[in-house]
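# Tertiary structure, described
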Amino acid sequence: MKLLLRSGFRRTVVRDHFTCVNAVMFRRVWRGTNETVLAYSESEALAYRVAEGDANPSDPFVVDPDLTEWQCGGEFLDVAGQLLELPAAPGHSTFDRNSGG
């Protein structure tokens, strides 16, 4: 979780009204994309990347598969790690203003 926070993700607790469960959501807008990790528990999480304009921040639990650039489910550490290892979205510079290069 600390690595996500250091990487620019913001943490919030959200409620999935469809399944009536709470999840910890980590979300960041990065290089034209919206990247989200929904952690239900240590063993159950969902991570996805969509174009920034295709994100629906009012309901992070619903992701249109036709708009998803990348998606993975599984253990929290696995899916968060895979998301952090993704390269920048095509067409976006690898320059990161926050890190200086």
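Structure: see above.
Below is a short write-up of the structure. (Residues numbered from 1 in each chain as written. Predicted model: local features only at pLDDT ≥ 70, side-chain atom pairs only at ≥ 80, totals over all residues. Heavy atoms only, no water.)

### Topic: the overall build of the protein
So the rule is basically this: Numbering of helices and strands runs from the N terminus; a helix is a DSSP stretch of H or I covering at least four residues, while a strand is a stretch of E covering at least two. For every residue, the accessible area obtained with a 1.4 Å probe (protein chains only) is divided by the maximum for its type, and the residue is called buried under 20%, exposed over 50%, and partly exposed between those limits. Throughout, a contact is declared for two residues whenever any of their heavy atoms are within 4.5 Å. Only the protein chains shown count as cover for residues, and all accessible areas are computed by the Shrake-Rupley method using a 1.4 Å probe.
Of the regular secondary structure elements, the protein holds two helices and five strands. Starting at the N terminus and ending at the C terminus, the protein contains elements arranged as α-β-β-β-β-β-α. For the protein, with 101 residues in total, the buried portion stands at 36%. When contacts within the protein are restricted to residue pairs at least 6 apart in sequence, long-range pairs at least 24 apart make up 39% of them. Of the roughly 6500 Å² of accessible surface on the protein, 50% is carried by carbon and sulfur atoms.

### Details of the side chain of Thr36
Checked against the element boundaries, Thr36 lands in strand β3 (residues 33-41). For Thr36, a relative accessible area of 0% gives the class buried. Ignoring any residue separated from it by four or fewer positions in sequence, one finds Thr36 in contact with Met25, Phe26, Arg27, Leu46, Ala47, Tyr48 and Leu83.

### Details of the pattern of salt bridges
Quick note on the threshold: Note on definitions: salt bridges are taken to be side-chain nitrogens of Lys or Arg within 4 Å of carboxyl oxygens of Asp or Glu.
Summed over the entire model, instances satisfying the criterion amount to two salt bridges. The residue Glu35 makes a salt bridge to Arg28 at a minimum N-O spacing of 2.8 Å. Classification of Arg28 as buried rests on a relative accessible area of 9%. What makes Glu35 buried here is its relative accessible area of 0%. A cluster of three or more residues bridged by salt bridges with shared partners is formed by Arg28, Glu35 and Arg49.

### Thoughts on the sheet that holds strand β5 (residues 68-74)
We apply this condition: For two strands to be treated as a pair, DSSP must find at least two bridges joining them. To obtain an axis, a line is fitted to C-alpha atoms, over the contacting stretch when the element is a helix, and the angle between two such axes runs from 0 to 180 degrees between their N-to-C directions.
The strand order across the open sheet formed by five strands is β1-β2-β3-β4-β5, and the pairing between neighbours is antiparallel. At either end of the open sheet lies a strand with only one pairing partner, and these are β1 (10-16) and β5. Ignoring strand direction, the axes of neighbouring strands in this sheet form an average angle of 20 degrees. Relative to β5, strand β4 (residues 44-51) is paired through six bridges, and the arrangement is antiparallel. Within β5, the position partnered with Ala45 by the bridge is Gly74. Contacts from helix α2 (residues 76-85) reach β2 (21-30), β3, β4 and β5 within the one sheet, and its direction differs from that of β5 by about 155 degrees.

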